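# Structural description and commentary
What follows is each chain in one-letter form.
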Amino acid sequence: MSAATAWTIPEVRAALDTGKISARELVKEFYARIERHNGELNAYLALSPDRAYAQADRIDAAIASGDALPPLAGVPLAVKDVISTHGIPTTCGSRILEGYRPPYDATAVTRLEHAGAIVLGKTNCDEFAMGSSNENSAYGPVRNPVATDRVPGGSSGGSGAAVAANLAVVALGTDTGGSIRQPGSFCGVAALNPSYGRVSRYGLLAYASSLDRIGPFARTVRDVAAVMSVIAGRDPLDSTSAAAPVPNYVAALGRPLTGLRIGIPDDYFAEGIDPEVRQKVEGGIRLLEKLGCRRVSIRMPNTEYAIAAYYIIATAEASSNLARYDGVRYGLRVPGGTLIEMYQKTRGRGFGTEVKRRIVLGTYVLSAGYYDAYYLKGQKVRSLIARDFHEAFEKVDAIVTPTSPVPPFRLGERTSNPLQMYLADIYTVTGSLAGVPGISVPTGKTAEGLPVGLQIYGPAFGEDRVLQLAHAFEQAGGAEL
Amino acid sequence: MVYYATLMAKVTQDATGILPEIMAGYEPVIGLEVHVQLKTATKAFCACSTRFGDPPNSNTCPVCLGLPGALPVLNKRALELGIRAALAIHLNVQETSRFARKNYFYPDLPKGYQISMYELPLATAGWLEIEHDGQTKRIGITRLHLEDDAAKNLHEGFADSAEKSYVDYNRGGTPLAEIVSEPDLRSPAEAYAYLTALKQVLLYTEVSDCNMEEGSLRCDANISVRRRGAEKFGTKAEVKNLNSFRYLQRALEYEIERQITVLESGGKITQETRLWNVAAGRTEPMRSKEFAHDYRYFPEPDLLPVRVSAAWRDEIASAMPELPEAKRRRFVRDFSITPYDAEVLASTRALAGYFEGVVRAGAPAKPAANWIQVELLRQLNDAGKEITESPVPPAELAALVAKVESGAINAATGKKVFARMFETGKPAAEIIAAEGFGQISDTGEIERLCREVIEKNPENAAKYRAGNEGVFKFFVGQVMRASRGQANPQAVNDTLKRLLS
């Protein structure tokens, strides 16, 4: 058996069941590994050993007394720093929340701990989840463990890197326009953005409320499914969480793919895509065909408007969601002579450039006289994109695309041109706007050894199908293409 | 421009004493925006208590403190009370309404936005009748929408209040209904009558306790003036902080004079927000920073659209109490009391209930109405008590009224008995018996009755005088009968003995 830190959820469970290791020893192993590698990777912003060991001891006590163990017993978990954790610093990668320790846990965290998972700490991210490279963190960028001169993707770069570098078994990330799937792709791990409403947002520090979702990172699709089975479902604390029944995602994995129709939007492979990425994704599609899927060409005609609509809607909501960081109640306060001055100084120093850019953009599109031209039009485009998906899912069971048009790039390579960075979100923002689930799974590596991700979209609340496809793909050697 | 500003300042200060005939040439146009706190046990979007007067910041949680990541969940009871209020003022409850975010920065607004219905309010297009100058007038109501209340900034009362302000978030997140009238009011008195009628309905329906001191009823006014006969409205000013009936009337009177003065001196009304300065007794423009907001409304993405099914709406409607107007009409019709009496007695649900309780216990309606209005309300007022705290229950007042109506006691005695009932809480019969209110103790009256009886029965008088003491009982019985049992027996004994000796 491999090193403990490389284990999957079933391997952790087997080790605990057979007494090969205790939960406490396992946590210790992880902290030792984090100690060795986090200096270079900067994946974690805060560690929570007290809480982790306390939970480990509860698991060990349950094992000792022969109690039935919950499904994720002893599974070390990393949590993106935009998710509220009681007593553990939660900064969103921002100076403005320096020193903030929430008095409550996000529902997803509560559910995972209840299921036996062990929170190791909080992972780095782009400030307020705004970015695609993790270079927008106020606490320094995360390095991609696959190639440390490269970015891990963003905004959930710390979660992607932690899982890829065996600094956690699983991690929670959040996705607004691609922030789970793209770092999953860049770090070479499985990463699921669930349907909007599938996982409670209670405790997710909002960037864009109508788009934000919490989802898992793991080294196997089975582990993603296991985490989903715990975090999915209606939460009375989140009015937008859905009451749709939660299937057993793990049990659904084994089903054959025979006869499943996979839609390929041919336009997605035409322009602006890196040739190596295209080659790997096309290879992935052929593998799915070999597994019994039928390839169907589809059109997603409104995709060209997706980036514009996304950056209007997301920034509009962000401008409102980030208003509460005013220095009055928590986090950073820079004193000023007047109230307005305190606001200006606090927000001026507390927020980074990208966050300010999006607040200004969002404030503008909601302003009197511009609302109809921007926000309202953005919402209309959003409906059209949702219709594209809806119509496609009348003909196909899933849609397959690249996750990102480019492989992981070098740190600093793209920071000078925010628009170029925005445009690289094209394959992920469509699904964000439509509210559908999408997973990124590794589909081989470039000549330089950089991971490439294949994205599989399913209809709303069709996580089971998405996971089924991704699992079969992974088991058939998709990552080694 | 400087000159103009100076002139305006002067006009503002001197806005008194304008000639009545000039005033009469203008017509005020007023609309009211009334905020009422809904009487829920918990806040609009979280489970914190709405209790007033608790220690600062004790009724708070991540949601109403606007902590990052917390989400609102609509209090169904708040929605129900909003629907009930809407139905009571004849609004159409919308099948679909939606909360929006009203964005602005202020320390009492922890989220940086207020959650408030905007494009799609809960209910639209209703009316409320007001009584003014003996006339009934129907005032249009544009809309009712729900929102959450701000917290409270505390600028005074702390040792370091000179440098610091504090915030109490207990009130933050309390559910409010905002009720916006049409510009149908034509005088401060009508505005007063409207607010009175609205408050009455809201109290009747138990939507709010409408306590202005505690801020559970607040009022802003939109006001303009136009030349009498003109069709076009003048430029309006919004006057805020009208938090009592008296301030509402005074502020409107002041603002009407001010606007007329400006117009008469050739000036123009600026569309602006003004504050009622209680101490100075005038309205003053708010500094532009305080109101120059672009609220950047957009639909609240954390809440689903609000759906009110016809079935639920009808269920709420069917559980609605009888409203003041209907009650007044019924009182006049069923009890033959005057419209004025009906108005007084139906002014609160509790008083109306009391009145009906007295009638139900057997008292005739008209005297019951009088007793309540004259004696009971006066005593309550003197004692500083509410009708619900009356020491005299309706059935006991009914018993007293019956005694007076049957002539068992006279009205003057009745009032004395009532005063004792109010003081002691004892039933009328007990007070009459114990305190001799039912007896004739007037010696002159008793002597008159005794003489009459002796004159009518000379034989028995002779028998008594001859030593037959047995007939004395006969005389006592006759006198008691003549007094319908109310003569003081001891006095009768003494008087008879004296007259027969």
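Residues numbered from 1 in each chain as written. Chains lettered and ligands numbered in written order. Predicted model: local features only at pLDDT ≥ 70, side-chain atom pairs only at ≥ 80, totals over all residues. Heavy atoms only, no water.

Of the regular secondary structure elements, chain B holds 18 helices and 16 strands. Dimensions of chain B along its principal axes, counting C-alpha atoms only, are 115 × 55 × 55 Å. Within chain B, the fraction of its 501 residues that count as buried is 50%. Across chain B, contacts joining residues at least 24 apart in sequence account for 69% of those joining residues at least 6 apart. In the form shown here, chain B has an accessible surface area of approximately 23,900 Å², with 51% of it arising from carbon and sulfur atoms. Placing the 62 positive and 65 negative side-chain charges of chain B at their respective mean positions leaves the two points 2 Å apart. (Helix = DSSP H or I, 4+ residues; strand = E, 2+ residues; numbered from the N terminus. Buried < 20%, exposed > 50% of the residue type's maximum accessible area, 1.4 Å probe, protein only. Contact = heavy atoms within 4.5 Å. Areas by Shrake-Rupley, 256 points an atom, 1.4 Å probe, with all protein chains shown as cover. Lys, Arg positive; Asp, Glu negative; His and termini not counted. Charge placed at Lys NZ, Arg CZ, Asp CG, Glu CD.)

With 30 residues of chain B at the contact, the number on the chain A side is 36 residues. Summed over both partners, the interface of chain B with chain A comes to about 2,800 Å²; 58% of that surface belongs to carbon and sulfur atoms. Counting the contacts that link chain B with chain A gives 1 salt bridge. Residue Asp302(B) pairs with Arg201(A) through a salt bridge whose shortest N-O separation is 3.0 Å. Our enumeration of links across chain B and chain A arrives at 17 residue pairs in polar contact (both at pLDDT 80 or more). Elements that contribute at least two residues to the side of chain B that touches chain A include exactly strand S4 (99-103) and strand S15 (298-299) of chain B. (Buried area = accessible area lost by both parts, 1.4 Å probe. Salt bridge = Lys/Arg side-chain N within 4 Å of Asp/Glu carboxyl O. Polar contact = N/O pair within 3.5 Å; in protein donor to acceptor, adjacent residues only side chain to side chain.)

What follows covers the pairing of strand S5 (residues 113-117) of chain B. By the criterion of burial, S5(B) is predominantly enclosed, with 5 of the 5 residues buried. Of the two faces of S5(B), the one lined by Tyr113(B), Ile115(B) and Met117(B) and the one lined by Gln114(B) and Ser116(B) are each fully buried.

Scanning the model with the defined rule gives 30 aromatic pairs over all chains in all. The rings of Tyr100(A), Phe128(A), Tyr325(A), Tyr330(A) and Phe351(A) are connected pair by pair, giving a single aromatic cluster. Positioned above the aromatic ring of Tyr295(B) is the side chain of Lys102(B), whose terminal nitrogen or guanidinium carbon lies 4.4 Å from the ring centre. (Phe/Tyr/Trp six-rings, centres within 6.5 Å; stacked < 30°, edge-to-face > 60°. Lys NZ or Arg CZ within 6 Å of the ring centre and 35° of its normal.)

Residues and elements named next belong to chain B. Here Asn75 is to be found in the loop between strand S1 (26-37) and helix H3 (76-88). Residue Asn75 is classed as buried on the basis of its relative accessible area of 12%. In this structure Asn75 touches Thr40, Thr42, Lys43 and Ala44, once residues within four positions along its chain are discounted.

Residues and elements named next belong to chain A. Spatial ordering of the open sheet is given by S1-S3-S2-S4-S6-S5-S10-S11-S9-S7-S8, a layout of 11 strands whose pairing is mixed. Of all strands in the sheet, those bounded by a partner on one side alone are strand S1 (44-47) and strand S8 (294-298). When the angles between neighbouring strand axes are averaged without regard to direction, this sheet yields 30°. Of the strand pairs in this sheet, strand S10 (residues 438-445) and strand S11 (residues 451-457) are connected by 6 bridges, and their pairing is antiparallel. When the bridges of S11 are listed, Lys445 appears paired with Pro451. In the packing of helix H15 (residues 463-475) onto the sheet, the strands contacted are strand S5 (190-193), strand S7 (261-265), strand S9 (398-402), S10 and S11, and the crossing angle to S10 comes to about 10°. (Pairing = 2+ DSSP bridges. Axes fitted to C-alpha atoms, helices over the stretch in contact; angles between N-to-C directions.)

All names here are of chain B. Positionally, Ala100 belongs in strand S4. Overall, the relative accessible area of 6% leaves Ala100 in the buried class. Sequence-wise, Ala100 and Leu79 are 21 residues apart; in three dimensions their C-alpha atoms are separated by 15 Å. Setting aside its immediate chain neighbours within four residues, Ala100 contacts Gln114, Ile115, Ser116, Met117, Tyr118, Tyr297, Phe298, Pro299 and Glu300.

All names here are of chain B. Across chain B, the average pLDDT comes to 87, with 93% of residues at 70 or higher. This model gives residues 1-15 a pLDDT under 50, and the stretch forms 15 contacts once residues within four places in sequence are excluded. Scored as a whole, the predicted complex attains pTM 0.87, and scored at its interfaces, ipTM 0.95. (pLDDT = per-residue confidence, 0-100.)

With that out of the way, let us pick up the nonpolar core. Formed by 221 residues in total, the largest nonpolar core has its most connected members in Phe128(A), Leu172(A), Leu32(B) and Tyr194(B). Ile337(B), Tyr354(B), Ile372(B) and Ile432(B) belong to the second largest nonpolar core, which has 36 residues in total. (Core = buried A, V, L, I, M, F, W, Y, C linked by side-chain atoms within 4.5 Å.)

Residues and elements named next belong to chain A. As assigned here, chain A comprises domain 1 (3-252) and domain 2 (255-307 + 373-480). Relative placement of domain 1 and domain 2: their C-alpha centres are 23 Å apart. The interface of domain 1 with domain 2 comprises 48 residues on the first partner and 46 residues on the second. Buried surface at the junction of domain 1 and domain 2, summed over both partners, amounts to about 3,500 Å²; 59% is from carbon and sulfur atoms. Looking at the side of domain 1 facing domain 2, the largest losses of area belong to Arg150, Arg181 and Val221, adding up to 20% of the total buried there. One can count 25 residue pairs in polar contact (both at pLDDT 80 or more) joining domain 1 with domain 2. Contributing elements (two or more residues each) for the side of domain 1 that touches domain 2: helix H6 (181-187), S5 and helix H7 (221-231). With 6 residues, the single largest contributor to the side of domain 1 that touches domain 2 is H6. Taken together, the residues that form the side of domain 1 that touches domain 2 break down as 22 nonpolar, 16 polar and 10 charged. (Domains from an automatic or database assignment. Nonpolar A, V, L, I, M, F, W, Y, C, P; charged D, E, K, R; others polar.)

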